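# Structural overview
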Amino acid sequence: MNFDEIIAARHSVRDYADTPVTREQIFAMLEAARAAPSASNSQTWRFIVVTDPDVRARLRDEGMMPIIRNKFMREAPCIIVGCAQPDLIANRLGTGFTGIEYYQIDMGIALEHLVLKATELGLGTCWVGWFREDRIKEILGVPDKVRVLALISVGYGREKRAAARSRKPLDKIAWADRWENPL
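Residues numbered from 1 in each chain as written. Predicted model: local features only at pLDDT ≥ 70, side-chain atom pairs only at ≥ 80, totals over all residues. Heavy atoms only, no water.

### With respect to the overall build of the protein chain
- Scanning the protein chain from terminus to terminus reveals eight helices and four strands.
- In the protein chain, the succession of α and β elements from N to C terminus is α-α-β-α-α-β-α-α-β-α-β-α.
- Relative to the compact-globule value of 16 Å for 183 residues, the protein chain shows a C-alpha radius of gyration of 18 Å, a close match.
- Overall, the protein chain is about 50 × 40 × 35 Å in size when its C-alpha atoms are taken along their principal axes.
- In the protein chain, which comprises 183 residues, the share counted as buried stands at 39%.
- Considering only contacts in the protein chain between residues 6 or more positions apart, those separated by 24 or more positions represent 77%.
- Accessible area for the protein chain stands at about 10,900 Å²; split by element, carbon and sulfur atoms hold 54% of it.
- Taking the average location of the 26 positive side-chain charges in the protein chain and that of its 24 negative ones, the two points are 3 Å from each other. (Helix = DSSP H or I, 4+ residues; strand = E, 2+ residues; numbered from the N terminus. Rg over C-alpha atoms; globule rule 2.2 N^0.38 Å. Buried < 20%, exposed > 50% of the residue type's maximum accessible area, 1.4 Å probe, protein only. Contact = heavy atoms within 4.5 Å. Areas by Shrake-Rupley, 256 points an atom, 1.4 Å probe, with all protein chains shown as cover. Lys, Arg positive; Asp, Glu negative; His and termini not counted. Charge placed at Lys NZ, Arg CZ, Asp CG, Glu CD.)

The structure is reproduced here in structure tokens:
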């Protein structure tokens, strides 16, 4: 697949086959994430790879927010937990000056690299942001000063891909030189 095909093929998978993700695939995804840029090259991202079925079940049963329980989390053979350990210069001082939380941007870029690599490898993913950070941290032993920003379920999708969701036209999201000036 070329890059455009990878982007087009990526979609959220919520039904996983009972096929493990290999160690080589996990390392390939993590290497892709590690290659992402970060503010001042701070590389604040940290990843916890959860393959133990009991831990995955606890993440789903105890770590999800109410209403949307994300039951597929238990079925996914791998969950990658994206954490950030903000550094002093780029992420504390920089945020103090600009109000921008750079570690969150950095994590978004790194995890997008990861899910695109997973797609290239024939794996499905689902980005989960509806969780109780305090419980996830407790279950996984994450230190207080570290933020848990996202969980990515990974595995072989069992479902057929639904029709791609429509996207807003470029003239509604991109402009030239100023806000709402046609491109």
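### Details of unusual backbone geometry
- Its identity is not glycine, yet N41 carries a phi of approximately 55°, on the positive side.
- Positionally, N41 belongs in the loop between α2 (23–34) and β1 (45–50).
- Look at N41 and you get exposed, because its relative accessible area is 55%.
- The residue E180 is not glycine, and still its phi comes out positive at about 60°.
- As for its position among the elements, E180 is in the segment after α8 (170–173).

### Some details on the environment of V146
- Tracing the chain through its elements places V146 in the loop between α7 (133–140) and β4 (147–155).
- Overall, the relative accessible area of 5% leaves V146 in the buried class.
- Setting aside its immediate chain neighbours within four residues, V146 contacts C83, A84, Q85, E133 and K137.

### A few points about the packing of helix α5 (residues 89–98) against helix α6 (residues 102–120)
- Viewed as axis vectors pointing N to C, α5 and α6 meet at an angle of 120°, and their least axial separation amounts to 8 Å. Between α5 and α6, the residues in contact are A90, N91, G94, T95 and T98 and Y102, Y103 and D106, respectively.
- A per-class count over the contact of α5 with α6 returns three nonpolar, four polar and one charged. (Axes fitted to C-alpha atoms, helices over the stretch in contact; angles between N-to-C directions. Nonpolar A, V, L, I, M, F, W, Y, C, P; charged D, E, K, R; others polar.)

### Overview of a nonpolar patch on the surface
- A contiguous nonpolar surface patch, about 350 Å² in accessible area, is contributed by I67, I68 and W130.
- Under the relative-accessibility criterion, I68 is labelled partly exposed at 45%. (Patch = residues over 30% accessible without salt bridge, like charges linked within 9 Å, V, L, I, M, F, W, Y side chains within 5 Å. Salt bridge = Lys/Arg side-chain N within 4 Å of Asp/Glu carboxyl O.)

### What to know about the state of the cysteines
- Inspection of the entire model under this criterion finds zero disulfides.
- No disulfide involves C78; its nearest neighbouring cysteine sulfur is the one of C83, lying 13 Å away.
- Residue C78 is classed as buried on the basis of its relative accessible area of 0%.
- By relative accessible area, C83 is classed as buried at 2%. (Disulfide = S-S within 2.5 Å.)

### Quick word on α6
- Its 19 residues give α6 an end-to-end C-alpha distance of 27 Å, which sits within 8% of 27 Å, the value for a rise of 1.5 Å per residue.
- Among the residues of α6, Y103, D106, M107, A110, L111, L114, V115, L116, A118 and T119 are the ones counted as buried.
- Of the residues one or two after α6, G122 is the one with positive phi, at around 85°. (Expected span 1.5 Å × (residues − 1).)

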